[in-house]
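Each chain, letter by letter, is given below.
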Amino acid sequence: MKRFRPLAMVAISLALVLSWTTAARAFCGFYVSQANASLYNQASQVILARDGDRTVVTMANDFQGEADDFAMVVPVPVVLQPEQVHVGDPEIVKRLDSFSAPRLVEYFDENPCMLREELREFESAISLDVAPASPARQRANSLGITIESEFSVGEYDILVLSAKESSGLETWLTENGYTIPDNAQPLLQPYIRQGMKFFVAKVNLAEHAKSGYQYLRPLQIAYESPRFMLPIRLGMTNARGEQDLLIYALSPRGQVELTNYRTVKIPTDAEIPVYVKDRFEEFYTSTFDTARDRANKNVAFLEYAWDMSSCDPCAAPVLTPEELRKAGVFWTQANPFDSRANSFALPPSVFLTRLHVRYDRANFPEDLVFQETANREFFQGRYILRHPFQGETPCRAGQEYRKRLPERFEREAQALAKLTNWDIADIRKNLPSVAQLDEPRPWWDVLLWEN
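Here is what the cut-offs are and how they apply
Residues numbered from 1 in each chain as written. Predicted model: local features only at pLDDT ≥ 70, side-chain atom pairs only at ≥ 80, totals over all residues. Heavy atoms only, no water. Helix = DSSP H or I, 4+ residues; strand = E, 2+ residues; numbered from the N terminus. Buried < 20%, exposed > 50% of the residue type's maximum accessible area, 1.4 Å probe, protein only. Areas by Shrake-Rupley, 256 points an atom, 1.4 Å probe, with all protein chains shown as cover. Salt bridge = Lys/Arg side-chain N within 4 Å of Asp/Glu carboxyl O. Polar contact = N/O pair within 3.5 Å; in protein donor to acceptor, adjacent residues only side chain to side chain. pLDDT = per-residue confidence, 0-100. Contact = heavy atoms within 4.5 Å. Pairing = 2+ DSSP bridges. Disulfide = S-S within 2.5 Å.

Undergrad: Where do I start with the overall build of the protein chain in this structure?
TA: Within the protein chain, the regular secondary structure consists of ten helices and 22 strands. Here the protein chain, with 451 residues, has 52% of them falling under the buried criterion. Summed over all atoms, the accessible surface of the protein chain reaches about 21200 Å², with 50% contributed by carbon and sulfur.

Below, the structure is given as structure tokens:
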């Protein structure tokens, strides 16, 4: 019998198988780089679109390997029917990642001898039919397993199971080709006690070949339940060390928060030395690691919270209504005409919360439980590069500007050391000297060309 290797998803899939803020004195800002999911070797991504008790979950598989080795088991609160399961668009996960990722922004100081009054003013503002029981179903029944639903979606064959005992479920999974961790049984039992079902997915190799895709597309499920959670505990049984989980929560109300773990804002709005532009990935991973160590490793980090109708600065174009639908947003389809007021209502809101969790068994003993909130405060992980003016500054204001630069460079160095825990002596070696600024900046430098 073919053995299926566990899917090492660190998101919803349970791999049984599963600082200070300073106004930037500049004429404009540029988006430079972003800290997206590609920074992390074991990063899973989940989209949660939630309104009331209705939820659409998009699970982006981080599985790497042959398609016939793929298998996944995920606890779900209800029995899912074929029309509730869909193969999603992988590009929508990338779009949300790019749109919400912590970002580096870049400013250039104006010539202090040519500052205009208006610039100063600007800166101060800113059914499945039931078939006769087959031998497979009879065997499942003998183990206390009920095959609640069975269907195919795209390149996936889907089963939805319920179980009476974890030992029976473990036996059934093993007999049907799922290699499960040796210590999975005690972790299965809590889900069974809660009455949860088990969403089981395998790749249909023939359908996968016909699809023409070289990768596994996300699975998307829609259900209605008061439970708003992601089951992560079981995925830790066969995990190799810590795992990163990026959650993109979409709600019409406001921010989505964890109820059983603290949610902490990632440090943001720090001005850091210009040379970090070429080391942004290293910078952000060090910033995240340092913040996590200081929080005792058992918190979720808020990296972005914003109404999706806008962004500032924008790391990627605003998602279109069609893209939001692909992400699982369903509440914007209602007719905006309010018959009671005899007028058209404002379009329904879509608020995005990006949460970053790095978890392991020691620091996250419970599944993640969420709640929608009415908190609509905007937040983003943003780090600022401020290029000093290059060229002659013969005026008095220019001379004062030059005198203040070493102090500013030191503040930026101290901020970088605090964020990353990098050695301050090494940081200072990379700081520019005021003498280096005498040469005028090339006119094409504002184009931000890549070397």
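Undergrad: Looking at this model, I keep getting lost on the pattern of salt bridges. Mind explaining?
TA: For the coordinates displayed, the defined rule picks out 26 salt bridges. When the shortest N-O distance is used, the salt bridge between Glu106 and Lys277 registers 3.5 Å. Judged by relative accessible area, Glu106 falls into the buried class, the value being 0%. Given the relative accessible area of 26%, Lys277 is considered partly exposed. Between Glu407 and Arg411 there is a salt bridge whose closest N-O contact spans 3.7 Å. Separated by four residues within a single helix, Glu407 and Arg411 lie in helix α9 (residues 396-420), roughly one turn from each other. Salt bridges linked by common partners bring Asp109, Glu271, Arg386, Arg408 and Glu412 together as one network.

Undergrad: When you look at the side chain of Ser149 in this model, what are you seeing that I'm missing?
TA: If you trace the backbone, Ser149 turns up in strand β7 (residues 145-153). The class for Ser149 is buried, based on a relative accessible area of 0%. Of note is the side chain of Ser149, whose polar atom sits 3.0 Å from the backbone oxygen of Leu80.

Undergrad: Even after reading the chapter, I still don't get the confidence of the model for the protein chain, so can you show me in this structure?
TA: The predicted coordinates ought not to be read in detail in places where the model reports low pLDDT. For the protein chain, the mean per-residue pLDDT works out to 80, and 75% of the residues sit at or above 70. Confidence drops under a pLDDT of 50 for residues 1-29, and excluding neighbours within four residues, the segment shows 141 contacts in the predicted structure. For residues 335-346, every residue scores under 50 in pLDDT, and the model assigns this stretch eight contacts once sequence neighbours within four places are set aside.

Undergrad: What is the right way to read the sheet that holds strand β13 (residues 256-258) from this model?
TA: Remark on secondary structure: sheet strands pair via backbone hydrogen bonds, oriented parallel or antiparallel. If you walk across this open sheet you meet the three strands as β11-β20-β13, and the pairing is antiparallel. Edge positions in the sheet fall to β11 (229-230) and β13, since each of these pairs with one other strand and no more. Bridging between β13 and strand β20 (residues 368-372) involves three bridges; their strand directions are antiparallel. Counterpart to Val256 in the pairing with β20 is Glu372.

Undergrad: Got a minute to help me understand the state of the cysteines in this structure?
TA: Here, disulfide denotes a covalent bond that connects the sulfur atoms of two cysteines. Under the counting rule described, the total for this entry stands at two disulfides. Disulfide pairing places Cys113 opposite Cys395 at an S-S distance of 2.0 Å. Here the S-S torsion is close to -95°, and the disulfide linking Cys113 with Cys395 is therefore left-handed. According to the relative accessible area criterion, Cys113 is partly exposed, its value standing at 30%. Across the disulfide from Cys311 sits Cys314; the S-S distance is 1.8 Å. Taking the sign of the S-S torsion, 95° for the link of Cys311 and Cys314, the bridge is right-handed. Since its relative accessible area comes to 13%, Cys311 is described here as buried. For the protein chain, numbering the cysteines in disulfides from first to last along the sequence yields the connectivity 1-4, 2-3.

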